[in-house]
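So the chains spell out like this:
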Amino acid sequence: MDLAAYFERIGFQGEARPDLATLRALHRAHLLAIPYENLDVQLGRPLTPDPRAAFDKLVGRRRGGWCYEMNGVFGAALEAIGFRVTRLAGGVMRELIGDVQAGNHLVLLVHLDRPWIADVGFGDGSLEPFPLAAGAIRADGFDFRLADLDGRWWRFHNHDQGGAKSYDFTLEPAAEDLLGAKCQWLQTAPESVFVQNALVQRWRPDHLLQLRGRVLREVRPRRADQRLIGSADAYVAVLGEAFDLDLPEAAALWPRICARHDELFGPVPA
């Protein structure tokens, strides 16, 4: 972990200490600087939950990443600063699908004077870390909620304009072989939403940007505006201008993106 390079990547300045103020500042800076994206899955490039590989991608090559990469790098940075961090196996949409979802999301438990949840890898989740306590969470005008389900499982409820409705997690340290198996399945299984859909999301200081296929949404707490991307060149331009992703090879994804849009919503009128 090259902390200086990571701090430069996220625009963090000042002294980093293992305290709540630093955790909050780094969490917000990471999400404002680094987009959530699954474009390597779409391009057929293998990914692993290894934070070292993710550091090279997110920091060295100035890309974004999905939960294993985003929280992997963030957790490694926190540990290098002196935080005590536990990697947890989350289950996105376990609420609807069941325990088979466990491990399809990486969550971080940060041990301070009380336990805190840090999650820069959910895409459109909270800009702020939050204490491990049941109740409402409000961050930048968006409303979330954390529920204690049964004394073992916890459930994070996303805001009402989020992509995934919720994820569940326990406080046991994640089994790394489970994370590896789920990471492999999510990038290869035909039924995986990450195989089926190109997803890019990024927090801005006063709104959230969501690029789902060819639909670009600008989301605020009480309003969402959207527009349809019209061409492969426009798609690559949006990646650069809105998400700071220099990825000209993404133009090759355009036929699949359009086909998926037509499958879900019907053909776009000529």
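See the structure printed just above.
A quick note: this is a predicted structure, and the numbers were derived from the prediction, not measured.

**Description of a nonpolar patch on the surface**
On the surface, a cluster of nonpolar side chains totalling about 320 Å² of accessible area is made up of Leu96, Ile97 and Val100. As for its position among the elements, Leu96 is in helix 6 (residues 94–97). Judged by relative accessible area, which is 60%, Leu96 ranks as exposed.

**Observations regarding the nonpolar core**
Formed by 49 residues in total, the largest nonpolar core has its most connected members in Tyr6, Phe74, Ile117 and Tyr167. Top element by residues in this core is helix 5 (residues 67–81). It accounts for six residues. Counting residues in each nonpolar core, the second largest holds 20 residues, with Leu211, Val238, Leu239 and Leu247 among its members.

**Quick word on the packing of helix 1 (residues 3–10) against helix 5**
Packing of helix 1 against helix 5 leaves a shortest axis separation of 11 Å and a crossing angle of 125°. The pairing of helix 1 with helix 5 is recorded here as oblique in orientation. Relative to helix 5, helix 1 is oriented so that their crossing is left-handed. The segment helix 1 lies against helix 5, with Leu3, Tyr6 and Phe7 engaging Val73, Phe74, Ala77, Ala80 and Ile81. Tallied by class, the residues present in the contact of helix 1 with helix 5 amount to eight nonpolar, no polar and no charged.

Rules used throughout
Residues numbered from 1 in each chain as written. Predicted model: local features only at pLDDT ≥ 70, side-chain atom pairs only at ≥ 80, totals over all residues. Heavy atoms only, no water. Patch = residues over 30% accessible without salt bridge, like charges linked within 9 Å, V, L, I, M, F, W, Y side chains within 5 Å. Areas by Shrake-Rupley, 256 points an atom, 1.4 Å probe, with all protein chains shown as cover. Salt bridge = Lys/Arg side-chain N within 4 Å of Asp/Glu carboxyl O. Helix = DSSP H or I, 4+ residues; strand = E, 2+ residues; numbered from the N terminus. Buried < 20%, exposed > 50% of the residue type's maximum accessible area, 1.4 Å probe, protein only. Core = buried A, V, L, I, M, F, W, Y, C linked by side-chain atoms within 4.5 Å. Axes fitted to C-alpha atoms, helices over the stretch in contact; angles between N-to-C directions. Parallel < 35°, antiparallel > 145°, perpendicular 65-115°, else oblique. Left-handed = near helix turned anticlockwise from the far one by under 90°. Contact = heavy atoms within 4.5 Å. Nonpolar A, V, L, I, M, F, W, Y, C, P; charged D, E, K, R; others polar.

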